[in-house]
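# A look at the structure
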Amino acid sequence: MPIVRFNEFLPDTQLIGQGVIVGQAGWETVLENNKQAFANEFVQRAPFTTAFPTSMTPAQFVDRLIANAGVPVSPDQRATVIGLFGGATDSSNGTARAQALRLTAEDRDLYYDEFNRAFVLMEYFGYLRRNPNTVPDTDYSGYEFWLYKLQSSNGNYIKAEMVKAFISSAEYRQRFGP
């Protein structure tokens, strides 16, 4: 089930995209700076520090990140991420925590594993402006339906008629259209 909530996602994406105008000179640098600033701020949030206390050793911190990601990481990759802490005995270095989080979160295997789930979630966020388990749904059955449909179409959202179904839904039309 998705753990990202619409009311958290929207302001976070606005922070990351602030000042980014694709095609304008230097937009890649602005985006990278925003991503770094976001990661630095994110690792200081209470839910993150509760799940990943700074008292953890770097190896414990990295192993928990990897376990949460659920993707295999080579011993060399793991060592690289642990090395960000420079031999420290705890994981209190905020910059290293943010870098470790980004290296884990931006892993290509994780990207491919999560793409379909994220796509369906973005359909809810973008078209319906709500969480998948918010009224009129009270569970994730609709989300699960669309995830299954997308996966059974090999990730082809056009074949799965994802966009078409969301924008022709009564909920979308009542909210945004005639």
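Located above this text is the structure these notes cover.
We now turn to the structure provided with this report. Quick caveat: nothing in here was measured; it's all calculated off a predicted structure.

A few words now on the overall build of the protein chain. Across its full length, the protein chain carries ten helices and zero strands. Listing the helices and strands of the protein chain from first to last along the sequence gives α-α-α-α-α-α-α-α-α-α. For the C-alpha atoms alone, the extent of the protein chain along its principal axes is close to 60 × 35 × 30 Å. Counted over contacts in the protein chain with a minimum sequence separation of 6, partners at least 24 positions apart contribute 57%. When the accessible area of the protein chain is evaluated, it comes to approximately 10800 Å², of which 56% is carbon and sulfur surface. Both charge centroids of the protein chain, one from 16 positive and one from 19 negative side chains, sit 6 Å from each other.

All right, on to the packing of aromatic side chains then. Under the definition given, this model contains 18 aromatic pairs. Here the aromatic cluster, defined as three or more aromatic residues joined through ring pairs, consists of F38, F42, F48, F52, F61 and F85. The ring of Y111 has R108 lying over it, and the distance from NZ or CZ to the ring centre is 4.6 Å.

A few words on the side chain of N131. Here N131 is to be found in the loop between α7 (108-128) and α8 (141-152). For N131, a relative accessible area of 10% gives the class buried. A polar contact of 2.7 Å, which involves the side chain of N131, links it to the backbone nitrogen of F6. Apart from residues no more than four positions distant in its own chain, N131 is found in contact with V4, R5, F6, Y124 and F125.

In this model, the largest pocket occupies a volume close to 2000 Å³. Lining the largest pocket are 39 residues, and of these I3, V4, F38, F42 and A105 sit closest to its centre. Of all the elements in the fold, those that place two or more residues in the lining of the largest pocket are α1 (6-17), α2 (27-42), α3 (46-51), α4 (58-69), α6 (94-105), α7 and α8. For the lining of the largest pocket, the element with the most residues is α7, which contributes nine residues. Among the residues making up the lining of the largest pocket, the classes are represented as 25 nonpolar, three polar and eleven charged.

A few words on the packing of α2 against α6. Relative orientation of the contacting elements α2 and α6 amounts to 115°, with a least axis distance of 8 Å. Considered as vectors, α2 and α6 are oriented roughly perpendicular to each other. Crossing angle aside, the handedness with which α2 passes α6 is right-handed. In this structure, α2 uses E32, K35, Q36, A39, N40 and F42 to contact α6, whose residues at the interface are G94, T95, A98, L101 and R102.

Time to look at the packing of α1 against α2. Running from N to C, α1 and α2 point in directions that differ by 135°, and their axes come no closer than 7 Å. Classed by the angle they form, the pair α1 and α2 counts as oblique. In this structure, α1 uses D12, L15, I16 and G17 to contact α2, whose residues at the interface are L31, N34, K35 and F38. Residue classes in the contact of α1 with α2 are distributed as four nonpolar, two polar and two charged.

Conventions we followed
- Residues numbered from 1 in each chain as written.
- Predicted model: local features only at pLDDT ≥ 70, side-chain atom pairs only at ≥ 80, totals over all residues.
- Heavy atoms only, no water.
- Helix = DSSP H or I, 4+ residues; strand = E, 2+ residues; numbered from the N terminus.
- Contact = heavy atoms within 4.5 Å.
- Areas by Shrake-Rupley, 256 points an atom, 1.4 Å probe, with all protein chains shown as cover.
- Lys, Arg positive; Asp, Glu negative; His and termini not counted.
- Charge placed at Lys NZ, Arg CZ, Asp CG, Glu CD.
- Phe/Tyr/Trp six-rings, centres within 6.5 Å; stacked < 30°, edge-to-face > 60°.
- Lys NZ or Arg CZ within 6 Å of the ring centre and 35° of its normal.
- Buried < 20%, exposed > 50% of the residue type's maximum accessible area, 1.4 Å probe, protein only.
- Polar contact = N/O pair within 3.5 Å; in protein donor to acceptor, adjacent residues only side chain to side chain.
- 1 Å grid on protein atoms, 1.4 Å probe; cavity = no way out; pocket = protein on both sides within 12 Å on 5 of 7 lines; lining within 4 Å.
- Points joined across faces, edges and corners; volume = space filled by probe spheres on them.
- Nonpolar A, V, L, I, M, F, W, Y, C, P; charged D, E, K, R; others polar.
- Axes fitted to C-alpha atoms, helices over the stretch in contact; angles between N-to-C directions.
- Parallel < 35°, antiparallel > 145°, perpendicular 65-115°, else oblique.
- Left-handed = near helix turned anticlockwise from the far one by under 90°.

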